[in-house]
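Structure assessment
Each chain, written out:
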Amino acid sequence: MRSGAGVVTALAAGALLLGACGPTVGGGAANDTPTATATAAAASASPTVTTTEPVAPTTTTPAPAPTPEAPAYLMTSGAKGDQVRELQARLKQLEWYDGNVTGSYDDVTTAGVRGFQGKRDMPETGSVDDATWTKLTSMTRQPTKEELTNVLTAGPALLKQGSTGAKVRDLQARLKQIGWWSGDVTDSYGPSTAAAVKAFQGKRQIPVTGEVDQRTLDKLNGMTRTPTGDELNNVKPAAAPVLAAGLDPRCMSGHVMCISKATRTLTWVIDGQPQMKLAVRFGSEYTPTREGTFSVFAKYRDWTSTLYGSKMPYSMFFSGGQAVHYSSDFAARGYSGASHGCVNVRDLAGIASLFGQVNLGDNVVVY
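An account of the accompanying structure is given in this report. Being a predicted model, the structure only gives us computed values, none of them experimental.

A word on the pairing of strand E7 (residues 322-326)
Extensive coverage of E7 is indicated by the burial of five of its five residues. Every second residue of E7 is oriented toward a common face, with Gln322, Val324 and Tyr326 on one face and Ala323 and His325 on the other, all of them buried. Both strand E6 (residues 315-319) and E7 contribute to a ladder of three bridges, which runs antiparallel. Paired with Met316 across the strands is Val324, a residue of E7. Between the end of E6 and the start of E7, which pair antiparallel, lie two residues, with Gly320 showing a positive phi angle near 55°. Sheet topology places E7 next to strand E8 (residues 343-345); three bridges connect them, and they run parallel. Directly across from Tyr326, in E8, lies its bridge partner Val345. Where the polypeptide runs from E7 across helix H10 (residues 328-333) and back to E8, its parallel neighbour, the crossover connection is right-handed.

A short note on the side chain of Thr216
By secondary structure assignment, the location of Thr216 is in helix H8 (residues 214-223). Owing to a relative accessible area of 3%, Thr216 belongs among the buried residues under this scheme. Polar side-chain contacts of Thr216 include one of 3.0 Å to the side chain of Gln201. Aside from chain neighbours lying at most four places away, what touches Thr216 is Val197, Phe200, Gln201, Ile206 and Glu211.

Brief notes about the packing of helix H3 (residues 107-118) against helix H4 (residues 130-139)
Put simply, H3 and H4 touch, their axes get as near as 11 Å, and they point 85° apart. Judged on the interaxial angle alone, H4 and H3 are roughly perpendicular. Two secondary-structure elements touch here, H3 through Val113, Phe116 and Gln117 and H4 through Thr132, Lys135, Leu136 and Met139. Taken together, the residues of the contact of H3 with H4 sort by class into four nonpolar, two polar and one charged.

Quick word on the packing of helix H7 (residues 191-202) against H8
Direction vectors running N to C along H7 and H8 enclose 80°, while the axes themselves pass 11 Å from each other. The orientation of H7 relative to H8 falls into the category roughly perpendicular. Residues Val197, Phe200 and Gln201 of H7 touch H8, and the partners they reach there are Thr216, Lys219, Leu220 and Met223. When the residues that make up the contact of H7 with H8 are grouped by side-chain class, the tally is four nonpolar, two polar and one charged.

Focus: the state of the cysteines
This model, assessed by the stated rule, comprises one disulfide. Shown here is the disulfide that connects Cys251 with Cys258, its sulfur atoms set 2.0 Å apart. Its torsion about the S-S bond being 75°, the disulfide of Cys251 and Cys258 is classed as right-handed. Taken as a pair, Cys251 and Cys258 share a single burial class, namely buried.

Regarding the packing of aromatic side chains
Evaluation of the coordinates by the stated rule reveals seven aromatic pairs. Taken together, a centroid distance of 5.8 Å and an interplanar angle of 80° make the contact between Trp303 and Phe317 edge-to-face. Of this pair, Trp303 sits in the loop between strand E5 (298-300) and E6 while Phe317 sits in strand E6, placing them 14 residues apart in sequence. The exposure class assigned to Phe317 is buried, which follows from its relative accessible area of 1%. Where Phe330 meets Tyr335, the ring centres are 5.2 Å apart and the plane angle is 65°; that geometry is what we call edge-to-face. For Phe330, a relative accessible area of 0% corresponds to the buried category.

As for the sheet that holds strand E1 (residues 255-260)
Here we have nine strands laid out as an open sheet, ordered E4-E9-E1-E2-E3-E8-E7-E6-E5, and mixed in their pairing. Each end of this open sheet is capped by a strand with a single partner; those strands are strand E4 (292-295) and E5. The mean inter-strand angle of the sheet, taken between neighbouring strand axes irrespective of direction, is 25°. In this structure, strand E2 (residues 265-270) lies alongside strand E3 (residues 273-281), joined through six bridges in antiparallel fashion. If you follow Thr265 over to E3, its bridge partner there is Ala279.

Some points on the nonpolar core
Residues Leu175, Met257, Ile259, Met316, Val324, Ile351 and Leu354 are the most contacted members of the largest nonpolar core, which totals 38 residues. Counting 12 residues, the second largest nonpolar core, distinct from the first, contains Val84, Leu91, Tyr105 and Leu136.

Examining helix H6 (residues 166-177)
Taking 1.5 Å per residue as the helical rise, H6 with its 12 residues ought to reach 16 Å, and the 17 Å between its terminal C-alpha atoms agrees with that figure. Val168, Leu171, Gln172, Ala173, Arg174, Leu175 and Gln177 are the residues of H6 that are buried. Buried residues along H6 sit against H7, H8, helix H9 (229-232) and helix H11 (348-357). Gly179 occupies a position one or two residues after H6 and carries a positive phi of about 80°.

Parameters at a glance
- Residues numbered from 1 in each chain as written.
- Predicted model: local features only at pLDDT ≥ 70, side-chain atom pairs only at ≥ 80, totals over all residues.
- Heavy atoms only, no water.
- Buried < 20%, exposed > 50% of the residue type's maximum accessible area, 1.4 Å probe, protein only.
- Helix = DSSP H or I, 4+ residues; strand = E, 2+ residues; numbered from the N terminus.
- Pairing = 2+ DSSP bridges.
- Right-handed = clockwise from strand over helix to strand, strands pointing away.
- Polar contact = N/O pair within 3.5 Å; in protein donor to acceptor, adjacent residues only side chain to side chain.
- Contact = heavy atoms within 4.5 Å.
- Axes fitted to C-alpha atoms, helices over the stretch in contact; angles between N-to-C directions.
- Parallel < 35°, antiparallel > 145°, perpendicular 65-115°, else oblique.
- Nonpolar A, V, L, I, M, F, W, Y, C, P; charged D, E, K, R; others polar.
- Disulfide = S-S within 2.5 Å.
- Phe/Tyr/Trp six-rings, centres within 6.5 Å; stacked < 30°, edge-to-face > 60°.
- Core = buried A, V, L, I, M, F, W, Y, C linked by side-chain atoms within 4.5 Å.
- Expected span 1.5 Å × (residues − 1).

Here it is as C-alpha cells:
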C-alpha cells in the first residue's frame, strides 16, 4: 500500500344552469270556446298599452376551478410523537437513519425517508405517505422497546475471547469480507478478534463489548455471505489476467481508476498495467455520472450521504459529490437500479482492496 491510502481529507463531499319555464296562458279548461258577449266586450275595450322596462343583461360568473387537494401524509417534517419514533427505528434497521431515536421529524429523518424512497422508485418527497409506510413496514420488524428508547443492552455472548472452532473461523471470514479482519482466518478468538468485533459493533450502534451476541451476529450475517471453503482455509484464488486492450488512452499513464460506461467496468491501472477489474453501475438519466478526467480528492472508509442519507462505504470522491463506493443496493438489485451519480461497486472485498491501493491525487477517467 502506498503512503496516503486510507487517508481522510478535510474537503467536503461537497433543493401543483337554471332552466326557465314559460307561464301557463288562460285559466279555463282545455279547448273551451269563448262566448259572443265576451268576444264583443273584448272588441269594444280600449286597447291597453303595455310598457316593458328594459332588463339589464345578466352576467354569469364562471365557477372557480377546483383546488387540487394536497397530498395526504402520515408524517412530514416537524411532526413529533411515537409514530415518528417508530419511523426512525425502522429506518435505522435498514441503515437509512443514524443516531438516537428522538420522535422529532427533523432534517436527518427527512433525508433518510428521501433516500429510502429514491432507492425504491418512489417520489422523493421526504414525507411519509401510505405507500412509503407500507413499503417500509413490509421490509422491517416491529421495533423493540429498547430500540424506541435508545437502550442498548448486550445479549448473552455466543462467541468471546477463548472461543475456538468452526464458528470462530466463520466469524473471522465474514469480518474479512467487509474489511474488519486482515490476515489469515483462524479458529481462535483472541484479542485481535475481539478488537475487530468491537470496531464492527461501534459503527452500528451495537453495545461495544468485543463479544458476539445474537444482535451482532444477525447484523454481520446480514451484511455478508456464507464464506467459501477457500476463504475459511486461506486459499488464495489465482488472479485472472486483466487485459489493457480497449482501455481509454488516458488510462495508460500513472495510477488510474479507468471507468468505462460502455462495458460497465472499473479497471485499476498502474503505469499502463491493469491490476484488477470490477463491475460498476452509474447514475440515471436525471442524475448522470460525469465524464472526463478527474483526481481523487477525498477518501472515507465509512461515509453516509449528506443528501440522501444512504451508506457509502469505501468512498473515493473525484468530482463534487460523486464518488466511487460500495453499494449494498447494487449488490442486491444489480442493474435494475441506478445511483444518484456515483460509481457503484458491488464487490465488497474488491472495493476494500482497491480503497487500500488508491491514494489521494490518483487519476479517475470516466468515459
